[in-house]
Amino acid sequence: MHRILSFLFLTVLLSSCHPYDKAAWHRLEAIDSLIYSSTELAEDSLTNIHVNELSGKNKAYYYLLRTIIDCKNFRSFTNDSTISEAVKAFESPIPNRNFLRALIYQGVVRYQTGQFADSVVFESLKEAERILSLKPGIVSDNTLTYLWLYIGVLHQDNDNHILAEEYFDRVLNNAIENKNVESIVSASLGIFWSYLRKGYYEEALSVLNRLDSLDSIPPEKQFDVINARGAYHVMNGDHLKAVSAYRELESLAGKVSKKPRMSNIYYSIALAYERMNQLDSAIVYATKSVENLKDTATHKYDNYFLYAYLAGLAFENEQFRMSSIHYKNAFELLLKSLERKTQKQILELEKKYDLSQARVATLKQRQRYQRLVFIGIVLAIITVFMFLIYYQNLRKSRLALENERLLRISAEKEIESKIRDNQQKKHLLGLYQIITKRENNTQKRFDELSQRYVKDNPGIYNDLNEELKRLKTEFFDLMHELIDDEFFYTHLNIPESISFTDLEKMILFLLYFKMPTSEMTKVLGVSSNNLRVRKSVIRKKLYSVVRDNPEVEAVISLLSASATEVYDDNSVEEK
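A few points about the overall build of the chain
Looking only at helices and strands, one finds 22 helices and zero strands in the chain. For the chain, buried positions account for 38% of its 575 residues. Across the chain, contacts joining residues at least 24 apart in sequence account for 61% of those joining residues at least 6 apart. On the chain, roughly 34,800 Å² of surface is accessible, and the fraction owed to carbon and sulfur atoms is 55%.

Regarding helix α3 (residues 57–72)
If you check α3, its first and last C-alpha atoms are 22 Å apart, about what 16 residues at 1.5 Å a residue would give, namely 22 Å. Burial runs high along α3: 14 of the 16 residues are buried. Count one or two residues on from α3 and you reach Phe74, which has phi positive near 60°.

Considerations on the side chain of His326
Within the element layout of this structure, His326 appears in helix α16 (residues 320–456). Ignoring sequence-local partners within four residues, the contact set of His326 consists of Tyr307, Leu310 and Ala311.

Here we look at the pattern of salt bridges
Going through the model one piece at a time under the given rule, you end up with 16 salt bridges. With a closest N to O distance of 2.6 Å, Arg229 and Asp212 form a salt bridge. With Arg229 in helix α11 (residues 219–236) and Asp212 in helix α10 (residues 201–212), the pair connects residues that are 17 residues apart, well separated along the chain. Residue class for Asp212 comes out partly exposed when judged on its relative accessible area of 46%. In this structure, a network of salt bridges that share partners links the residues Glu43, Arg66, Asp70 and Arg75.

Some points on helix α9 (residues 181–198)
Here α9 spans 26 Å end to end across 18 residues, near enough to the 26 Å set by a 1.5 Å rise per residue. All of the buried residues along α9 are Ser183, Ile184, Val185, Ser186, Ala187, Ser188, Leu189, Gly190, Ile191, Phe192, Ser194 and Leu196. Looking at the buried side of α9, the elements it contacts are α7 (141–157), α8 (161–178), α10 and α11. At the N-terminal end of α9, a side-chain oxygen is found 3.4 Å from the backbone nitrogen of Glu182, two or three residues along, and the residue is Asn180. Taken from the residues just after α9, Gly199 is the one with a positive phi, measuring 85°.

Topic: unusual backbone geometry
Across residues other than glycine, the phi torsion is negative in most instances, and most of the peptide bonds are trans. Phi at Lys179 is positive, roughly 55°, even though this residue is not glycine. Structurally, Lys179 is set in the loop between α8 and α9. Overall, the relative accessible area of 72% leaves Lys179 in the exposed class.

Digging into the packing of α3 against helix α4 (residues 81–90)
Following both chains from N to C, one finds α3 and α4 inclined at 135°, their axes separated by 8 Å at the closest point. As summarised for this structure, α3 and α4 are arranged oblique, according to the angle between their axes. Here α3 runs over α4; the crossing is left-handed. Two secondary-structure elements touch here, α3 through Lys57, Lys59, Ala60, Tyr61, Tyr63, Leu64 and Thr67 and α4 through Thr82, Ile83, Glu85, Ala86, Ala89 and Phe90. Of the residues in the contact of α3 with α4, the class split is eight nonpolar, two polar and three charged.

As for the nonpolar core
Ranked by size, the top nonpolar core spans 105 residues in total, and within it Tyr62, Leu125, Leu147, Phe192, Tyr246 and Ile269 carry the most contacts. Grouped together as the second largest cluster of nonpolar side chains are 27 residues, Ile494, Ile507, Leu542 and Val546 included.

Overview of the confidence of the model for the chain
Chain-level statistics for the chain give a pLDDT mean of 80 and a share of 83% at 70 or above. Every residue in residues 1–20 scores below 50 in pLDDT, and together they form one contact with partners more than four places removed in sequence or on other chains. Note that pLDDT drops below 50 for residues 566–575; the model gives that stretch 11 contacts with residues more than four away or on any other chain.

Here we look at the packing of α10 against α11
For the pair α10 and α11, interaxial distance at closest approach is 11 Å and the crossing angle is 150°. The angle between α10 and α11 falls in the class roughly antiparallel. Between α10 and α11 lies a crossing of left-handed hand. Here Tyr201, Leu205, Leu208, Asn209, Leu211 and Asp212 of α10 lie close against α11, whose contacting residues are Val225, Ala228, Arg229, Tyr232 and Met235. Looking at the contact of α10 with α11, its residues break down into eight nonpolar, one polar and two charged.

Observations concerning the packing of aromatic side chains
Going through the model one piece at a time under the given rule, you end up with 15 aromatic pairs. Aromatic pair Tyr61 and Phe90: ring centres 6.4 Å apart, planes at 90°, arrangement edge-to-face. In this pair, Tyr61 sits in helix α3 while Phe90 sits in helix α4, placing the two residues 29 residues apart along the sequence. Look at Phe90 and you get buried, because its relative accessible area is 2%. Between Tyr267 and Phe305, the aromatic rings sit 5.5 Å apart at their centres with planes inclined by 80°, giving edge-to-face as the arrangement. One end of the pair, Tyr267, is in helix α13 (residues 262–275); the other, Phe305, is in helix α15 (residues 304–316), and 38 residues separate them in sequence. The structure contains a cluster of three or more aromatic residues connected by ring pairs, namely Tyr105, Tyr111, Tyr146 and Tyr150. The ring of Tyr167 has Arg170 sitting right over it, with the charged end atom 4.6 Å from the ring centre.

Things to note about a nonpolar patch on the surface
A contiguous nonpolar patch, built from Phe374, Ile375, Leu379, Ile382 and Met386 and spanning about 510 Å² of accessible area, is present on the exposed surface. As for its placement among the helices and strands, Ile375 is situated in helix α16.

Digging into the environment of Leu279
Checked against the element boundaries, Leu279 lands in helix α14 (residues 279–291). Here the alpha-carbon distance between Leu279 and Ala314, two residues 35 residues apart in the chain, equals 8.5 Å. Beyond its immediate stretch of four places on either side in the chain, Leu279 contacts Glu274, Leu313, Glu316 and Asn317.

Quick notes on the rules
- Residues numbered from 1 in each chain as written.
- Predicted model: local features only at pLDDT ≥ 70, side-chain atom pairs only at ≥ 80, totals over all residues.
- Heavy atoms only, no water.
- Helix = DSSP H or I, 4+ residues; strand = E, 2+ residues; numbered from the N terminus.
- Buried < 20%, exposed > 50% of the residue type's maximum accessible area, 1.4 Å probe, protein only.
- Contact = heavy atoms within 4.5 Å.
- Areas by Shrake-Rupley, 256 points an atom, 1.4 Å probe, with all protein chains shown as cover.
- Expected span 1.5 Å × (residues − 1).
- Salt bridge = Lys/Arg side-chain N within 4 Å of Asp/Glu carboxyl O.
- Polar contact = N/O pair within 3.5 Å; in protein donor to acceptor, adjacent residues only side chain to side chain.
- Axes fitted to C-alpha atoms, helices over the stretch in contact; angles between N-to-C directions.
- Parallel < 35°, antiparallel > 145°, perpendicular 65-115°, else oblique.
- Left-handed = near helix turned anticlockwise from the far one by under 90°.
- Nonpolar A, V, L, I, M, F, W, Y, C, P; charged D, E, K, R; others polar.
- Core = buried A, V, L, I, M, F, W, Y, C linked by side-chain atoms within 4.5 Å.
- pLDDT = per-residue confidence, 0-100.
- Phe/Tyr/Trp six-rings, centres within 6.5 Å; stacked < 30°, edge-to-face > 60°.
- Lys NZ or Arg CZ within 6 Å of the ring centre and 35° of its normal.
- Patch = residues over 30% accessible without salt bridge, like charges linked within 9 Å, V, L, I, M, F, W, Y side chains within 5 Å.

As C-alpha cells, this is what we get:
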C-alpha cells in the first residue's frame, strides 16, 4: 500500500511539473514573437522570468532570447557561455529553428568578444549557412541578415573583399526589401569599408551620400556613419573635416547604449592633427587615447601601438622623458600582447587538434560502418547470387526430372503398346497356325475323299480343289499383313539394306519366335526341302554382310539351330 501511494504521489508531481514547463515554453515563444516588433516590451517580459527556475531547453531558450535582445540593443559581451549552452541544448534534432539561431548568434557573440580566432567564429556561421542551404526558410529574414552580415565582416577582416561585398549585397537587398534601416546601414558601411580599403574613394563617398538620405537611423548606427565619414576625410587628405567628424563622435558617445572605444576616437583625432603638423594637439589627443585604454581592458594589450605612437610624437616634439616612458609601456604591452596571442594560438591549436582527433574518430567510425555495410552488401549479393544459382539448378533439375518422367511415361506407353501388339500378333499367329493345321487336315481329308469322287463327280472335285487353293492364298496374304516391315525390323536386328522376299522375311520371323520346322512348313504351305533351300539362300545373304554388320550373327545362329531340326524332319518323312 505504501508503494502504491508513493507511485501516485510521483505521478501527480510529474504531471503538475509538466504543465509548468509547457507554460514557460509558451511564454518564451510569446516573447520571441515580440523581439523585432517591440524589443523593449520583449526585454521587460524576459526580465520578469527567473532563469534559475527554468530547466533544460526552457533555460536554453531564455539564453537565446537574451542574446538576441542584447545584440538588438548593441550591448557588449564578455564570453559565449550562455549562447554556447543554448547551442548544445538545441542541437537535436537537426535542423530546427532555435539551433540555427543559436549557432548564428554564437558566431556574433564570439566575434564581438574579440577572444576567439576568426576561424572559430567562422565555423559556427558556416555550419548554420550549410544547414540553411539544405533546408532554406527555417529562420526569419532578420536572423538571415545577421548571418550574412557577420560572414561578410569576417571575409572583409581577412581581405577577401570580393566575397565580403557579395554577402553585404545580400544583406542590403534583404534589408531594403524588409525596410530594415539598421541592416541597410550595416551592409552599406561594410561595402563602404571595402571600397575605402581598395582606394575606390568616389564609390565610397556615394555610399555615404546614400546613407545621408535615410531617416530614423538609430544613434548607434549614426555613430558608425560619422566614424566612416571621418575615415573618408582622413584618406582623402581633408584632415580638418576629419577632426570635425571625430569631435562629433566624441559628443555623440554618451548617447549610444554601447559605449564606444574612446581611445580609437582620440587616436584618429591625434592622427589628423599630426598630419596638419599640430604636434601639441596631436600629443594631447594621443595622451587621451592612452588614458582611455582602461575602458577597453579586453583589448588593452593589443593597443601597444598607441603608446608607441605617443612616444614617437613626444620624441619628435623633444619631450624625451615622456617618450622613454611610453616606449617602455609600449614594449611591456607588446610582450604581454605576444604572450596573449601565443596563448590564444596555443588554445586554438589545441582546439583544432581536439577537433581533428574527433574528426579522425568519426572518420574511423564511418569507415568501419562503411566497411560493415560493404561487407553486408557483398554478402547479400553473394547470397542472392548463390540463391539464383541454386534456384536455376533446382529449376533445371525439376525440368530434367519432368522431362525424364514424361519420357519414361512415353516409353512405358510405347513398350506397353508394343507388348500389346506383339501379344496380339502372337495370338494371331497362333490362330493362324491352328487355322493352317485345320486347313492341312482338311486338305488330307479332301485327298482321301477325292479318290472316291474324282471319277464319279469330277466337276465337284475341281470346284473343291479351287476353293482350297484360294483359301490357302488368303491365309498366306494374312500372314504377310501380320509381319510387315516395321514389325519385322523391330524384332530382328538386320540391316534394311539386305533384300529379302516376303517368304524369306516370314521364315526369319517364325525362326525368331522359335516355331518348329514341321509347323513352319504347315504355316507357310511349303515342303521341307523347299524350306531348307530358302534357309540356305537367306544364310548366303547374311554371310555377305556379316563383316560390316556383326549383329547378324545372332540371326545366322537361328538358322544354324534350325538346320538340325530340318534334317531330323527329313529323316522322319523318309521313314
